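Residues per chain are reported as follows:
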Amino acid sequence: MRTRILAFTAALVLAALGAAVPVAQAAVPAVPGPTCESTQGAVEYDSATGQWNCVGGEHDGERITS
C-alpha cells in the first residue's frame, strides 16, 4: 500500500513540474539578435542551458529569439 501511495505522489509531483516548465520558459523576456547588437550587446551561446543570450547593452541577460 505504501508503494502505491509513494508512486502516486511521485507521479503528481512530476506532472506538476512538467506543466510548470513551459510557463517558466514563456515568462523569460526575448529579443531578436539584431536588437541586442544594436544596443551595444553581444549575442552569446550558453551551453549549460542551450540558449542564445544577449550579453551587455540594454537587453543584458535576455534570451535571443532568432
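Our structure is the block above this text.
Residues numbered from 1 in each chain as written. Predicted model: local features only at pLDDT ≥ 70, side-chain atom pairs only at ≥ 80, totals over all residues. Heavy atoms only, no water.

Draft legend 1. View of the overall build of the protein. Each helix and strand in the protein was counted, giving two helices and four strands. Counting from the amino terminus, the protein carries its helices and strands in the arrangement α-β-α-β-β-β. Burial statistics for the protein: of 66 residues in total, 15% are counted as buried. The contacts of the protein with a sequence gap of at least 6 include a subset with a gap of at least 24, amounting to 34%. A total of about 5000 Å² of accessible surface is found on the protein, and carbon and sulfur atoms cover 63% of it. (Helix = DSSP H or I, 4+ residues; strand = E, 2+ residues; numbered from the N terminus. Buried < 20%, exposed > 50% of the residue type's maximum accessible area, 1.4 Å probe, protein only. Contact = heavy atoms within 4.5 Å. Areas by Shrake-Rupley, 256 points an atom, 1.4 Å probe, with all protein chains shown as cover.)

Draft legend 2. Region of interest: the state of the cysteines. Going through the model one piece at a time under the given rule, you end up with one disulfide. Shown here is the disulfide that connects Cys-36 with Cys-54, its sulfur atoms set 2.0 Å apart. On the sign convention where negative is left-handed, the bridge of Cys-36 and Cys-54, at about 85° about the S-S bond, is right-handed. Here Cys-36, found in helix H2 (residues 33–38), pairs with Cys-54, found in strand S3 (residues 51–55); they are 18 residues apart in sequence, far enough to count as distant. (Disulfide = S-S within 2.5 Å.)

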